[in-house]
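# Per-entry structural report
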Amino acid sequence: MKKYQKEFPTNFLWGGAIAANQAEGAWNVDGKGPSMADIEELPEKYSRTSIVGFKHTREELLAASNDVEKFYPRRNAIDFYHTYKDDLSLMSEMGFKCLRTSFNWTRIFPNGDETEPNEAGLQFYDNLIDEMICKGIEPIMTVSHYEMPIHLIAQYGGWYSRKTIDLFVNFCKVLFERYHTKVKYWILLNQINSLGGWGEFASLGMLEDDFVDWNSALYQATHHQFVACAQATELAHRIDSNMQIGMMLGDDTSYPATCKPEDVFANTQKLQMSLYFYSDVLLRGEYPGYALRYFHDHNIKVKFGTNDEKMIKENTADFLSFSYYYTRITEAGNISAKDNPHLEKSIWGWATDPLGFRNSLNQYWDRYQLPIFIAENGLGALDKIEIDGTIHDDYRISYLQAHIRAMKEAIKDGVNVFGYASWGPIDIISCSQGEMSKRYGYIYVDIDDRGNGTRKRLKKDSFYWYKKVIESNGENL
């Protein structure tokens, strides 16, 4: 009989997660080309609750690629490209068992469609991965995390073009062949369900002005991502059967606004098309009936290639990963999710809901019965350096304590969670806001929103707290 699991597994992967485009900087160094992340400007005035950038015309895209006057925060970020050894040493001091990071597509294929990769870019990742392994940190690598080459967007229309499937799979082939003996866990696309608003550009690399039927175009591009993931998974398993290929969701869980049946069903439909559609295709291997109904009712047309269905069916992912930050509520007749009045929110409007984390873990496990890796979870906050150089971030510790407790309860429920990567173990550029002041890390980086500062790394109170969490395998919270 299977035993009741009341503790974190002995080989549990504790660590953190960053993205290349939010940390590395060095945007035009060693042959790197411009990516979508490099042209996201931080305006002089902005609102903390609004998304910055990620919506462009082709003219704006190309102009920003050549502009050196305005401030583009990701171009320099925290200069992880040059400081990774020292930064990894700090993570190693905390006892990290894993680090999730990503390859910057344009560091390896500057335009995205070259026949040969940029060796200088690959050499950086050789060094980075080797350094992680040397420090006992398991590399969990995301192939693409919001850094599509500008050339692929302007020339091909991003993921709308089937040509992008071939280019992405070739990118994967280079990575798999080079790193398969060093990297076991792979996530192909960050938050593949980032459909809506900024995600349509960040994830799909599409310019709205290019399309008459925008909704059909979005789902056509998403279909191409599905096919690319299936082809990449087939390739990975053929190269090395030990490689584990994961798919990743940005968890967007919501609750019914009331117990009215209309609200309950509206929430069911919302979750189907914002979450489960993507994981059902990549983990179960086929388009679910509710998605086909949705396409029919909304006159959405998606063209399948001759071998697409077979490829998707036969090459499902090995594990599920997801990011978790907040929950909202849904009511019938309102397509926009609303804030939950029963939850407290951060200054960025993100509601804290650790029980929702346990709920999501249970829902995913019940649905798929596949191993789960937490790819992101954390609290963005304003941190203050005291006169003596200390940084007291009890609010962050409280947030993470509650979520780790919820994760442990999910494990007790029988959910197979094999790792936890809190978002931003070191302060990096915020993805959605483009700020530096929205800090997640255990390690403070002395850079302000305009890129000024000493770049010095300082340990926050949470640094020492997380060290104890890892040392005790989650028992000492």
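The text that follows walks through the structure, step by step, so that each part is easy to find. (Residues numbered from 1 in each chain as written. Predicted model: local features only at pLDDT ≥ 70, side-chain atom pairs only at ≥ 80, totals over all residues. Heavy atoms only, no water.)

### Some points on the side chain of Asp38
Tracing the chain through its elements places Asp38 in the loop between helix 1 (20–23) and helix 2 (58–66). Here the side chain of Asp38 touches Lys32 through a polar contact of 2.7 Å, side chain to side chain. (Helix = DSSP H or I, 4+ residues; strand = E, 2+ residues; numbered from the N terminus. Polar contact = N/O pair within 3.5 Å; in protein donor to acceptor, adjacent residues only side chain to side chain.)

### Let's talk about helix 5 (residues 119–134)
An ideal rise of 1.5 Å per residue puts 22 Å on 16 residues; helix 5 measures up with 22 Å between its terminal C-alpha atoms. By the burial criterion, the buried members of helix 5 are Gly121, Leu122, Phe124, Tyr125, Asp126, Leu128, Ile129, Glu131 and Met132. Tucked into the core, helix 5 has its buried residues touching helix 1, helix 3 (80–94), strand 2 (98–102), helix 4 (105–108), strand 3 (138–144) and helix 7 (163–179). Remark: Gly136 follows helix 5 within two positions and exhibits a positive phi of approximately 75 degrees. (Expected span 1.5 Å × (residues − 1). Buried < 20%, exposed > 50% of the residue type's maximum accessible area, 1.4 Å probe, protein only. Contact = heavy atoms within 4.5 Å.)

### Looking at the pattern of salt bridges
One pass over the structure, following the stated rule, counts 31 salt bridges. Between Arg367 and Asp280 there is a salt bridge, with its nearest N and O atoms 2.9 Å apart. Within this pair, whereas Arg367 is found in helix 13 (residues 354–368), its partner Asp280 is found in helix 10 (residues 261–284), the two being separated by 87 residues in sequence. In this structure Arg367 comes out as partly exposed when scored by relative accessible area, which is 25%. A salt bridge links Lys460 to Asp427, with the nearest nitrogen and oxygen atoms 2.9 Å apart. Taken together, the residues span a long stretch of sequence, with Lys460 in the loop between strand 13 (457–459) and helix 15 (461–471) and Asp427 in the loop between strand 11 (417–423) and strand 12 (443–445) at a distance of 33 residues. A relative accessible area of 0% places Asp427 in the buried class. (Salt bridge = Lys/Arg side-chain N within 4 Å of Asp/Glu carboxyl O.)

### Let's talk about the packing of aromatic side chains
One pass over the full model with this rule turns up 46 aromatic pairs. Note on Trp105 and Phe168: the rings are 5.9 Å apart at their centroids and 65 degrees apart in plane angle, and the pair reads as edge-to-face. Here Trp105, found in helix 4, pairs with Phe168, found in helix 7; they are 63 residues apart in sequence, far enough to count as distant. Phe168 sits in the buried class, given a relative accessible area of 0%. An aromatic cluster of at least three residues, connected via ring pairs, comprises Phe80, Tyr81, Tyr84, Phe103, Phe124, Tyr125, Phe176, Tyr179 and Trp186. The cationic tip of Arg75 hangs over the ring face of Tyr72; the distance from NZ or CZ to the ring centre is 4.0 Å. (Phe/Tyr/Trp six-rings, centres within 6.5 Å; stacked < 30°, edge-to-face > 60°. Lys NZ or Arg CZ within 6 Å of the ring centre and 35° of its normal.)

### Some words on the environment of Gln369
Inspection of the secondary structure puts Gln369 in the loop between helix 13 and strand 10 (372–377). Taking relative accessible area as the criterion, Gln369 reaches 48% and is therefore assigned partly exposed. Sequence spacing of Gln369 and Leu320 is 49 residues, and the spatial spacing of their C-alpha atoms is 9.6 Å.

### Side note on the pairing of strand 11
The element strand 11 is extensively covered by neighbouring structure, given that 7 of its 7 residues are classed as buried. Here 5 bridges tie strand 1 (residues 13–17) to strand 11, and the two strands are oriented parallel to one another. The residue of strand 11 that forms the bridge with Leu13 is Gly419. Relative to strand 11, strand 10 runs parallel, the two sharing 3 bridges. Bridged to Ile372 within strand 11 is Val417. In this fold, the crossover linking strand 10 to strand 11 by way of helix 14 (residues 394–412) has right-handed handedness. (Pairing = 2+ DSSP bridges. Right-handed = clockwise from strand over helix to strand, strands pointing away.)

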